[in-house]
Amino acid sequence: MSEGAAKKEERHKFQAIRGTRDLLPPETALWNHVEKTANEVFATFGFGAIRVPIFEPTELFARSIGLDTDVVSKEMYTFEDYEATELVELRTAAVTNVASLATGEALIDFLDRVGNFILAAEKAFEAGRIPRTPENERTLQMARELIAILQTFRYQGEREILPRVAELKDAVRQVRFGDVISLRPEATASVCRAYIEHGMRQLPQPVKLYYIGPMFRRERPQKGRYRQFYQIGAEVLGGSDAPAIDAEVIEMVMTFFDRLELHGVQLDINSIGCRECRPKYAQLLRAELLRVKDKLGPDSQRRIQTNPLRVLDSKLESEQGTIATLPRITDHLCEACATHYSAVKRQLEMRGVFFRENWRLVRGLDYYMRTTFEITAQGLGSQNAVCGGGRYDGLVELLGGPPTKGIGFAIGEDRLILSLQESGKAPAQPGRDVYIAWMGERAHATAIRAAKDLRKAGFSVELPPVEQKFGKALGQADKLGAKHALILWR
Ligand code: HAM
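Keep in mind it's a predicted model, so treat the numbers as computed, not measured.

**Things to note about the pairing of strand β10 (residues 385–391)**
Here comes step 1: In terms of burial, β10 is a largely internal element, six of the seven residues being buried.
Here comes step 2: With six bridges connecting them, strand β9 (residues 369–376) and β10 associate as antiparallel partners. When the sheet's bridge partners are listed, threonine 376 is paired in β10 with alanine 385.
Here comes step 3: As judged from the five bridges shared by β10 and strand β11 (residues 405–412), these two strands associate in the antiparallel manner.

**Brief notes about the site of the ligand**
Here comes step 1: What surrounds the ligand is a group of 26 residues, the closest being Glu186, Glu219, Glu235, Tyr368 and Ala385.
Here comes step 2: In this structure, an oxygen atom belonging to the ligand sits 2.9 Å away from a side-chain N or O atom of arginine 217.
Here comes step 3: Between glutamate 235 and the ligand, the recorded distance is 2.8 Å, taken from a side-chain N or O atom to a nitrogen atom.
Here comes step 4: In isolation the ligand offers 660 Å² of accessible surface; the protein chains occlude 95% of this area.
Here comes step 5: Of all the elements in the fold, those that place two or more residues in the shell around the ligand are β6 (228–238), β10 and β11.
Here comes step 6: With six residues, the single largest contributor to the shell around the ligand is β10.
Here comes step 7: For the shell around the ligand, the class distribution of residues is 11 nonpolar, eight polar and seven charged.

**Looking at the environment of leucine 395**
Here comes step 1: Tracing the backbone through its elements, the reader meets leucine 395 in helix α15 (residues 395–398).
Here comes step 2: On a C-alpha basis, the gap between leucine 395 and aspartate 366 in space is 9.8 Å, while along the polypeptide they are 29 residues apart.
Here comes step 3: In this view, leucine 395 contacts Ser64, Thr188, Cys192 and Tyr367; residues no more than four positions away in its chain are not counted.

**With respect to the nonpolar core**
Here comes step 1: In terms of nonpolar packing, the biggest core is built from 93 residues, with Phe42, Phe256, Phe257, Cys387, Phe409, Ile411 and Leu416 touching the most fellow members.
Here comes step 2: For this core, the element with the highest residue contribution is helix α10 (residues 243–260), accounting for 10 residues.
Here comes step 3: Counting 28 residues, the second-largest nonpolar core is a separate cluster that includes Phe117, Ile118, Leu168 and Val175.

**Observations regarding the sheet that holds strand β12 (residues 434–439)**
Here comes step 1: Taken together, the three strands give an open sheet; going across it, the order is β13-β12-β14, and neighbouring strands pair in parallel fashion. Lying at the two open borders of the sheet, with one neighbouring strand each, are β13 (461–462) and β14 (484–489).
Here comes step 2: Pairing between β12 and β14: six bridges, direction parallel. Following the sheet pairing, tryptophan 438 is matched in β14 by leucine 488.
Here comes step 3: Across the sheet, helix α18 (residues 470–479) is in contact with β12 and β14; its angle to β12 comes to roughly 165 degrees.

**Focus on the packing of aromatic side chains**
Here comes step 1: Across all of its chains, the model carries 12 aromatic pairs by this definition.
Here comes step 2: A connected cluster of aromatic rings, assembled from ring pairs, spans Phe42, Phe47, Tyr210, Phe256, Phe257 and Phe409.
Here comes step 3: Taking NZ or CZ as reference, arginine 21 lies 4.0 Å from the ring centre of tyrosine 226, over its face.
Here comes step 4: The aromatic ring of phenylalanine 177 is capped on one face by arginine 91, whose charged end is 3.9 Å from the ring centroid.

**Observations concerning the pairing of β9**
Sheet faces and side chains relate simply in a regular strand, where the side chains alternate between the two faces.
Here comes step 1: Counting buried positions along β9 yields six of eight residues, so the element is predominantly enclosed.
Here comes step 2: Judged from the six bridges that link them, strand β7 (residues 266–271) and β9 form a sheet pairing that is antiparallel. Residue pairing for β9: leucine 267 is matched across the bridge by isoleucine 375.

**As for a negative patch on the surface**
Here comes step 1: Together, Glu80, Asp81, Glu83 and Asp179 make up a negatively charged patch on the protein surface.
Here comes step 2: Examined against the element boundaries, aspartate 179 turns out to sit in strand β4 (residues 179–183).

**Observations regarding a nonpolar patch on the surface**
Here comes step 1: A grouping of Ile54, Phe55 and Phe79 is seen on the molecular surface, where their side chains present a nonpolar patch of about 250 Å² in accessible area.
Here comes step 2: Looking at the element boundaries, phenylalanine 79 is found in strand β3 (residues 78–81).

**A closer look at the side chain of glutamine 383**
Here comes step 1: Along the chain, the position of glutamine 383 falls in the loop between β9 and β10.
Here comes step 2: Look at glutamine 383 and you get buried, because its relative accessible area is 15%.
Here comes step 3: When residues no more than four places from it in sequence are discounted, the contact partners of glutamine 383 are Gln222, Lys223, Gly224, Arg225 and Arg415.

What counts, and at which threshold
- Residues numbered from 1 in each chain as written.
- Predicted model: local features only at pLDDT ≥ 70, side-chain atom pairs only at ≥ 80, totals over all residues.
- Heavy atoms only, no water.
- Buried < 20%, exposed > 50% of the residue type's maximum accessible area, 1.4 Å probe, protein only.
- Helix = DSSP H or I, 4+ residues; strand = E, 2+ residues; numbered from the N terminus.
- Pairing = 2+ DSSP bridges.
- Near = heavy atom within 4 Å.
- Polar contact = N/O pair within 3.5 Å; in protein donor to acceptor, adjacent residues only side chain to side chain.
- Areas by Shrake-Rupley, 256 points an atom, 1.4 Å probe, with all protein chains shown as cover.
- Nonpolar A, V, L, I, M, F, W, Y, C, P; charged D, E, K, R; others polar.
- Contact = heavy atoms within 4.5 Å.
- Core = buried A, V, L, I, M, F, W, Y, C linked by side-chain atoms within 4.5 Å.
- Axes fitted to C-alpha atoms, helices over the stretch in contact; angles between N-to-C directions.
- Phe/Tyr/Trp six-rings, centres within 6.5 Å; stacked < 30°, edge-to-face > 60°.
- Lys NZ or Arg CZ within 6 Å of the ring centre and 35° of its normal.
- Patch = residues over 30% accessible without salt bridge, like charges linked within 9 Å, V, L, I, M, F, W, Y side chains within 5 Å.
- Salt bridge = Lys/Arg side-chain N within 4 Å of Asp/Glu carboxyl O.
- Lys, Arg positive; Asp, Glu negative; His and termini not counted.
- Charge placed at Lys NZ, Arg CZ, Asp CG, Glu CD.

Structure (structure tokens):
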């Protein structure tokens with residue numbers, strides 16, 4: 001490669017990672033407007049802002065969202081986090097041997113290095129600086145035994161030694177240095193964790209929280225679907241599952257969309273029952289699905305066993321006719337769930353919230369029960385769900401907290417912005433109020449003072465850093481859309 005070509009290649013090397021993107025002005029003005037509106041509307045419903053970490057133990061998400069869900073089984077960004085950095089060095093030294101192990105000395109040297117690592121790892125294990133898990137204990141024990149065996153081997157040929165050396169290296173590599181953590185794919189689990197950790201049960205109930213921030217899922221990127229995307233979400237946690245709470249949460253998100261003048265908003269609701277009635281319905285549905293199995297595609301066929309309710313989610317054209325004939329959960333709810341669902345609908349009507357009942361709305365996360373809902377908006381193509389939510393009583397308990405009821409939603413902010421843009425609602429970046437054209441040292445000093453005073457009074461001011469001819473300065477002022485030009489000279 002020529003030097004020029006190499007340079008060019010270097011210049012083109014860095015791009016935002018697939019599925020991530022930069023948000024730039026003037027679009028960011030719309031993002032700010034949306035977030036400001038969320039802050040205002042949610043405050044009128046008594047919600048307080050919470051900020052939770054971007055990463056949490058993988059276990060937290062696995063336990064709440066469910067191991068068999070797409071999100072947990074294949075979409076999380078997961079890595080090991082550790083503090084014992086000295087162990088990394090010792091491990092690298094132990095497993096990277098360049099010399100052949102044919103000679104006794106080379107083997108002794110290798111065993112010394114591995115021994116150093118194991119000793120340090122054992123100390124870290126005792127002190128709790130690496131996870132005190134049964135797996136780690138077993139691995140360290142195994143490594144110690146292999147070292148002892150190899151020490152007796154030292155004068156034999158490579159052929160006997162090498163398999164044992166490989167085993168030992170494997171054991172060394174298997175020592176876990178830290179917790180397995182994941183970038184958050186959603187924030188409901190984190191909010192529940194925070195509710196428990198900070199003893200929020202002691203606060204007046206229910207506790208109403210909202211959040212705005214990035215989430216991460218390794219999905220196939222397309223319009224409205226990203227690997228780093230943003231959610232505006234809210235959660236209500238407390239002792240009551242009164243249907244009015246469900247209705248008010250939904251009313252809040254609809255009020256927010258209304259305030260933003262989002263077009264083509266469609267709210268779908270459903271009840272997916274509880275621990276009592278859902279398993280019975282799932283069994284019935286499974287039996288029905290087995291009867292019509294041949295009419296279903298391979299994905300749905302697989303789901304008959306793993307999660308029959310997810311079959312209802314299918315968008316496959318060829319399956320729609322068959323799915324329409326299946327039993328509906330709303331006809332199989334237990335009495336308590338049926339009463340709750342009717343009351344939620346009545347409460348929505350009292351609030352003037354229009355909805356469509358959709359018995360096929362099951363949602364893709366395991367923690368839901370009873371009320372589920374989804375909101376679609378105009379101009380989004382196939383990824384048209386702009387908000388999803390539902391009730392998740394029992395999730396806090398599942399995470400080790402007190403029995404608690406919960407309901408919430410998350411809006412896909414990227415999709416919300418897309419839909420607003422499609423309907424032409426893109427507030428342009430506001431132009432400058434004042435452009436200060438100056439010439440000469442003294443004029444520059446005056447310009448700096450004038451800019452300070454004007455900015456203090458709330459005006460947006462552009463102060464060019466270097467002297468410009470007035471003609472050029474005014475041209476620049478025009479390009480920036482400045483409403484006024486202040487001309488100072490000498
Ligand atoms: P979710 O349905 O997984 O629910 O996500 C909520 C919304 O986030 C979706 O409707 C969509 O607008 C947006 N979204 C999801 N994945 C992506 C993506 N890859 N790219 C762009 N937007 C995306 C939850 O996350 C639940 N935590 C909601 C909730 C809160 N339920 C109760 N409380």
